[in-house]
Amino acid sequence: MTDAELQAARTQKWRLNGQGVRTGEEARVFLEDVGFCLMYPMRPALLVPTFIGAWVGADDKLPTRQHAYNDPRAKEATELMVRALRDKSAYEAPLVDENDAFLLAPSVFPYFYSLVGERNPKQAPVSGPKSPYSPLACDAFEIIRRRGPISKTKLIEALGGSVSNAGLDRALNELWAKLRITRVSYTVEEGSVWDELSRWAPEIVRQGVGISVPEALSALVSKYLDCVVAVDEVDVENFLTSFVARTRVKEAIHALLSARELSFVYVGSKSLLQVTPPKQVYVPKPRPERVG
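Just so you know, these numbers come straight off a predicted model, no measurement behind them. (Residues numbered from 1 in each chain as written. Predicted model: local features only at pLDDT ≥ 70, side-chain atom pairs only at ≥ 80, totals over all residues. Heavy atoms only, no water.)

## Topic: the overall build of the protein chain
Turning to step 1, where the next piece is worked out: For the protein chain, the helix and strand inventory stands at 13 helices and eight strands.
Turning to step 2, where the next piece is worked out: In terms of overall dimensions, the protein chain has C-alpha extents of about 95 × 40 × 40 Å along its principal axes.
Turning to step 3, where the next piece is worked out: The 292 residues of the protein chain split such that 47% are buried.
Turning to step 4, where the next piece is worked out: Taking the contacts inside the protein chain whose residues are at least 6 apart along the sequence as the reference set, 59% of them involve residues at least 24 apart.
Turning to step 5, where the next piece is worked out: With an accessible surface of roughly 15400 Å², the protein chain has 52% of that area assigned to carbon and sulfur atoms.
Turning to step 6, where the next piece is worked out: Taking the average place of the 37 positive charges on the side chains of the protein chain and the average place of its 36 negative ones, the gap between the two points comes to 3 Å. (Helix = DSSP H or I, 4+ residues; strand = E, 2+ residues; numbered from the N terminus. Buried < 20%, exposed > 50% of the residue type's maximum accessible area, 1.4 Å probe, protein only. Contact = heavy atoms within 4.5 Å. Areas by Shrake-Rupley, 256 points an atom, 1.4 Å probe, with all protein chains shown as cover. Lys, Arg positive; Asp, Glu negative; His and termini not counted. Charge placed at Lys NZ, Arg CZ, Asp CG, Glu CD.)

## Observations concerning the sheet that holds strand 3 (residues 102-104)
Turning to step 1, where the next piece is worked out: Taken in spatial order, the three strands make up an open sheet running 1-3-2, and their pairing is antiparallel. Two strands in the sheet have a free side with no partner beyond their single neighbour: strand 1 (36-38) and strand 2 (91-93). Within this sheet the neighbouring strands show an average axis-to-axis angle of 30°, counted without direction.
Turning to step 2, where the next piece is worked out: When strand 1 meets strand 3, the two strands line up antiparallel, connected through three bridges. Bridge pairing links C37 to L103 in strand 3.
Turning to step 3, where the next piece is worked out: Here helix 5 (residues 109-116) sits on the sheet in contact with strand 2 and strand 3, set at roughly 30° to strand 2. (Pairing = 2+ DSSP bridges. Axes fitted to C-alpha atoms, helices over the stretch in contact; angles between N-to-C directions.)

## A word on the side chain of K223
Turning to step 1, where the next piece is worked out: Position of K223 relative to the elements: it lies in helix 11 (residues 213-228).
Turning to step 2, where the next piece is worked out: On the accessibility criterion, K223 (19% relative accessible area) is buried.

## Regarding the pairing of strand 8 (residues 270-275)
Turning to step 1, where the next piece is worked out: The pairing of strand 7 (residues 262-267) with strand 8 spans six bridges and is antiparallel. Bridge assignment links S263 to a residue of strand 8, and that residue is Q274.
Turning to step 2, where the next piece is worked out: The loop that links strand 7 with its antiparallel partner strand 8 comprises two residues; one of these, G268, has a positive phi angle of about 65°.

## A word on the pattern of salt bridges
Turning to step 1, where the next piece is worked out: Considering all chains together, one arrives at 15 salt bridges under this definition.
Turning to step 2, where the next piece is worked out: Between E203 and R206 there is a salt bridge, with the nearest N and O atoms lying 2.5 Å from each other. Placement of the pair is E203 and R206 together in helix 10 (residues 202-210), with a separation of three residues, close to one helical turn.
Turning to step 3, where the next piece is worked out: Owing to a relative accessible area of 41%, E203 belongs among the partly exposed residues under this scheme.
Turning to step 4, where the next piece is worked out: Of the residues examined, R206 reaches a relative accessible area of 54% and is grouped as exposed.
Turning to step 5, where the next piece is worked out: E237 is the salt-bridge partner of K250, the closest N and O atoms lying 3.1 Å from each other. Of this pair, K250 sits in helix 13 (residues 246-258) while E237 sits in helix 12 (residues 233-240), and the two are 13 residues apart along the sequence. (Salt bridge = Lys/Arg side-chain N within 4 Å of Asp/Glu carboxyl O.)

## Observations concerning the sheet that holds strand 6 (residues 191-196)
Turning to step 1, where the next piece is worked out: Taken in spatial order, the three strands of this open sheet run 4-6-5, and their pairing is antiparallel. The outermost strands of the open sheet, each flanked by one partner alone, are strand 4 (150-151) and strand 5 (181-187).
Turning to step 2, where the next piece is worked out: Pairing between strand 5 and strand 6: six bridges, direction antiparallel. Bridging from a neighbouring strand, Y186 pairs with S192 of strand 6.

## So, the environment of G268
Turning to step 1, where the next piece is worked out: Looking at the secondary structure, you find G268 in the loop between strand 7 and strand 8.
Turning to step 2, where the next piece is worked out: A relative accessible area of 54% places G268 in the exposed class.
Turning to step 3, where the next piece is worked out: With 264 residues separating them in the primary sequence, G268 and A4 have C-alpha atoms 9.5 Å apart.

## A few points about unusual backbone geometry
Turning to step 1, where the next piece is worked out: For the peptide bond that leads from R43 to P44, omega is 0°, which places it in the cis range.
Turning to step 2, where the next piece is worked out: Of note, P44 is situated in the loop between strand 1 and helix 3 (51-56).
Turning to step 3, where the next piece is worked out: A positive phi angle, close to 60°, is found at R15, a residue other than glycine.
Turning to step 4, where the next piece is worked out: With respect to the helices, strands and loops of the structure, R15 is situated in the loop between helix 1 (3-13) and helix 2 (24-34).
Turning to step 5, where the next piece is worked out: R15 sits in the buried class, given a relative accessible area of 18%.
Turning to step 6, where the next piece is worked out: Backbone geometry at R260 places phi at a positive 60°, although glycine is not the residue there.
Turning to step 7, where the next piece is worked out: Looking at the element boundaries, R260 is found in the loop between helix 13 and strand 7.
Turning to step 8, where the next piece is worked out: The class for R260 is exposed, based on a relative accessible area of 70%.

## Looking at the nonpolar core
Turning to step 1, where the next piece is worked out: One finds F36, V236 and L240 to be the most contacted residues of the largest nonpolar core, which totals 88 residues.
Turning to step 2, where the next piece is worked out: Examining the composition of this core, we find that eight residues originate from one element, helix 11, more than from any other.
Turning to step 3, where the next piece is worked out: Ignoring any residue separated from it by four or fewer positions in sequence, one finds F36 in contact with L31, V48, P49, F102, L103, L104, V108, L220, K223, Y224, C227 and F239.
Turning to step 4, where the next piece is worked out: Among the nonpolar cores identified, the runner-up in size contains five residues, and L6, A230, V265 and L272 belong to it. (Core = buried A, V, L, I, M, F, W, Y, C linked by side-chain atoms within 4.5 Å.)

Next comes the structure, spelled out in structure tokens:
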């Protein structure tokens, strides 16, 4: 494989070939194909497709999240993304920047949940010295559990007027980081709408709880390599260490190599990881019959 062939394969898979994603069905198919994507490109760049890129159909001059407010392409792409969340053809999770949506296909999300989600989602979060949840996060969760789906505006009203926007954002991010809640919609008037994830998608959560960490990590390593076609091992680690320890990623890669589910391919002078292509069955050509 040459560098040009690798880039061409990514361009095709990431829908940067001029054929932009426009409908809900196209968005669903795109996400299932790549597995996951960011909403906007990040700086420094993370080797993963973007939803805005798939919507535009190109990766030239794409807006980052900070500059999306005055880009009409971002507005239309966001409307399609929100539609995908409402239809449950996409799930959202925090990755590196909680303000830049990280979208996952329904078939991939349970593996992500297995790594970062709560193993006992029926138990309400409690605050404490060793808890990742603040008292405000616990109060917000109880209101979301009782009244969700609920907008951020109505959540502030239910919590009382003394709660600041910044304080509530921190509390929601604490809950979101452990996938206790999920953003299920958005309106310009009231902002993000939140619901308890185990109520919004009970089957997805049930699957995630039942998947072991090694199984989940192996699945995500394989899906990432399928998404980027071929990549250096360090890039796999850099992507996955956003939510799991680097040593565990290395162990998963080496286990998959030992099982021959991953292999190396030369791209120019570099040796890159890839999902091992299926073996092609050799079919001998029939010998021509002799003419007597």
